[in-house]
Amino acid sequence: MSLLEVEDLAVHFGGVKAVDGVSFAVDQGEVFAIIGPNGAGKSTIFNLISHIYQPTRGRICFDGADITGSKPQDMARLGIARTFQNIELFDHSTVLDNLLMGRHTHRQSNFIQDILFLPSVRREERLHRERVEEVIEFLELEAYRNKRIEGLPYGVRKIVEIGRALAIGPKLILLDEPASGLSVEETQDVAFWIEDMRRDMGLTVLMVEHDMGLVSQVCDRVLAVANGKPLAQGTPHEVQADPHVQAAYLGT
Ligand code: ADP
Ligand code: MG
């Protein structure tokens, strides 16, 4: 069954058709990649699914409901989390606080309930902390828990960015270039975590990635885009062999 269905999605910025008629469906439990040259519209597709942009045309269905026209702040409640291509963390805060802040976008209680510190609020707070501790353990971030983001190596910040999204407890996680700038060993860790997210957390993963080694290793299916338009869809092997895809990368 499809968890996410994108139908004829398009967004135009002035005269630029950043995304133009993209359709695909991601099944529950699948790892699905979007590939394409720089400027192809991949991050824009993520911005449309996470409702940072509203589409000019098309429909987005998630978990059996049409969610087109939702607000970015609805995403955590729906169960959609994302990372950003350019890491978006609070540099002066610790790893733990960044993960808790990620989690707090999900909170149910309101301001009055918070001041009164009702049992329901305490229970919610405990759940937040438990979830964040699970994420720290899962991503092996124990050594960095109380360290500020600004002092951490790039590879660790990339992992915390994934952790911030995981802390929400999503059904679907969107990873925008999770391996960019990482060493071979760090990329291998990312591959293992993606496989564990699917197997142990039951997550569905949609990723944008340039590293075709990683894509072939972890992805079931791939959509290739260029100039905002879909080029090919299939297994990593099929898509890499597609002449339209090869032409887009070679610029011929
Ligand atoms: P990719 O992630 O595939 O490298 P992007 O989705 O970031 O590409 O960008 C696709 C195209 O859309 C680019 O030409 C980019 O300049 C344009 N674009 C993206 N967001 C905006 C925006 N907010 N305003 C104007 N143009 C945009
Ligand atoms: Mg991008």
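Every residue gets a number counted from 1 within its own chain, in the order that chain's sequence is written. Chains and ligands are labelled by the order in which they are written, letters from A for the one and numbers from 1 for the other. At least 70 in pLDDT is required for a residue's local features to be given in this predicted model, at least 80 for side-chain atom pairs to be given and counted, and no such filter applies to totals for whole chains, interfaces and linings, which use all residues.

- Taking an unreviewed UniProt entry as the reference, the protein chain is identified by name as Amino acid/amide ABC transporter ATP-binding protein 1 (HAAT family) belonging to Marinobacterium mangrovicola.

## Considering the overall build of the protein chain
Reasoning step 1: Scanning the protein chain from N- to C-terminus turns up 10 helices and 10 strands.
Reasoning step 2: On C-alpha atoms alone, the protein chain measures out to a radius of gyration of 19 Å, which is about the 18 Å that the 2.2 N^0.38 rule sets for 252 residues.
Reasoning step 3: Oriented by its inertia axes, the alpha-carbon framework of the protein chain measures out at about 60 × 40 × 35 Å.
Reasoning step 4: The proportion of buried residues among the 252 residues of the protein chain is 38%.
Reasoning step 5: By the criterion used throughout, residues are in contact when their C-beta atoms, derived from the backbone, lie within 7 Å. Contacts in the protein chain between residues far apart in sequence, at least 24 positions, make up 66% of those at least 6 positions apart. By the criteria applied, helices consist of DSSP H or I runs no shorter than four residues and strands consist of E runs no shorter than two, each listed in order from the N terminus. Here the globule rule is a power law, 2.2 Å times the number of residues to the power 0.38, and the radius of gyration is based on C-alpha atoms. Put plainly, a residue is buried at 20 or more neighbouring C-beta atoms within 10 Å of its own, exposed at 12 or fewer, and partly exposed in between, counting only other residues' C-beta atoms, which are placed from the backbone.

## Comments concerning the nonpolar core
Reasoning step 1: One nonpolar core equals one set of buried Ala, Val, Leu, Ile, Met, Phe, Trp, Tyr and Cys residues connected by C-beta atoms within 7 Å. In this structure, Ile173, Val205 and Ala224 are the most contacted members of the largest nonpolar core, which totals 70 residues.
Reasoning step 2: No fewer than three residues from each of domain 1 (2–79 + 170–250) and domain 2 (94–165) sit in this core.
Reasoning step 3: Setting aside its immediate chain neighbours within four residues, Val205 contacts Val31, Ile173, Leu175, Ile194, Met197 and Arg198. Segmentation of the chain into domains, including their bounds, is taken from an automatic or database domain assignment.

## A look at the site of ligand 1
Reasoning step 1: In the region of ligand 1, the neighbouring residues are Phe13, Val16, Ala18, Gly36, Asn38, Gly39, Ala40, Gly41, Lys42, Ser43 and Thr44.
Reasoning step 2: Among the elements of the structure, strand E2 (16–27) and helix H1 (42–49) are those that each provide at least two residues to the shell around ligand 1.
Reasoning step 3: Asp, Glu, Lys and Arg are counted as charged, while Ala, Val, Leu, Ile, Met, Phe, Trp, Tyr, Cys and Pro are counted as nonpolar; the rest, among them Gly, fall into the polar class. Per-class residue counts for the shell around ligand 1 are four nonpolar, six polar and one charged. Using the backbone to place each C-beta atom, any residue with that atom within 6 Å of a molecule or strand is considered near it.

## Side note on the sheet that holds strand E4 (residues 57–62)
Reasoning step 1: If you trace the four strands from one edge of the open sheet to the other, you get E2-E1-E4-E5, paired in antiparallel fashion. The open sheet has two edge strands, E2 and strand E5 (65–66), and neither has a second partner.
Reasoning step 2: Whether two strands pair comes down to DSSP finding at least two bridges between them. Two elements, strand E1 (residues 2–13) and E4, share five bridges in a ladder whose sense is antiparallel. The partner of Glu5 across the bridge, within E4, is Cys61.

## Describing the domain arrangement of the protein chain
Reasoning step 1: For the protein chain, the assigned domains read domain 1 (2–79 + 170–250) and domain 2 (94–165).
Reasoning step 2: Distance between the C-alpha centres of domain 1 and domain 2: 26 Å.
Reasoning step 3: Facing the 10 residues of domain 1 at the interface are eight residues of domain 2.
Reasoning step 4: Here the residues of the side of domain 1 that touches domain 2 are counted per class, giving seven nonpolar, two polar and one charged.

## Here's the deal with H1
Reasoning step 1: By the criterion of burial, H1 is predominantly enclosed, with eight of the eight residues buried.
Reasoning step 2: Among the residues making up H1, those that are buried are Lys42, Ser43, Thr44, Ile45, Phe46, Asn47, Leu48 and Ile49.
Reasoning step 3: Positive phi appears at His51, one or two residues downstream of H1, with a value of about 65 degrees.

## Considering the sheet that holds strand E8 (residues 204–208)
Reasoning step 1: Pairing is mixed in the open sheet, where six strands are placed in the order E6-E7-E8-E3-E9-E10. A single partner strand is all that each edge strand has here, and the edge strands are strand E6 (80–82) and strand E10 (229–234). Strand-to-strand twist in this sheet, taken as the mean axis angle between neighbours without regard to direction, amounts to 20 degrees.
Reasoning step 2: Here strand E3 (residues 31–35) pairs with E8 via four bridges, running parallel. Following the sheet pairing, Phe32 is matched in E8 by Leu206.
Reasoning step 3: Across the sheet, helix H7 (residues 184–201) is in contact with E3, strand E7 (172–176) and E8; its angle to E8 comes to roughly 155 degrees. Here, axes are lines fitted to C-alpha atoms. For helices the fit covers the stretch in contact, and angles between N-to-C directions go from 0 to 180 degrees.

## What about helix H6 (residues 154–166)?
Reasoning step 1: Helix span is expected to be 1.5 Å times the residue number reduced by one. Helix length check: H6, at 13 residues, gives a terminal C-alpha distance of 19 Å against a target of 18 Å (1.5 Å per residue), a fit within 8%.
Reasoning step 2: Taken together, the buried positions of H6 are occupied by Lys158, Ile159, Val160, Glu161, Ile162, Gly163, Arg164, Ala165 and Leu166.

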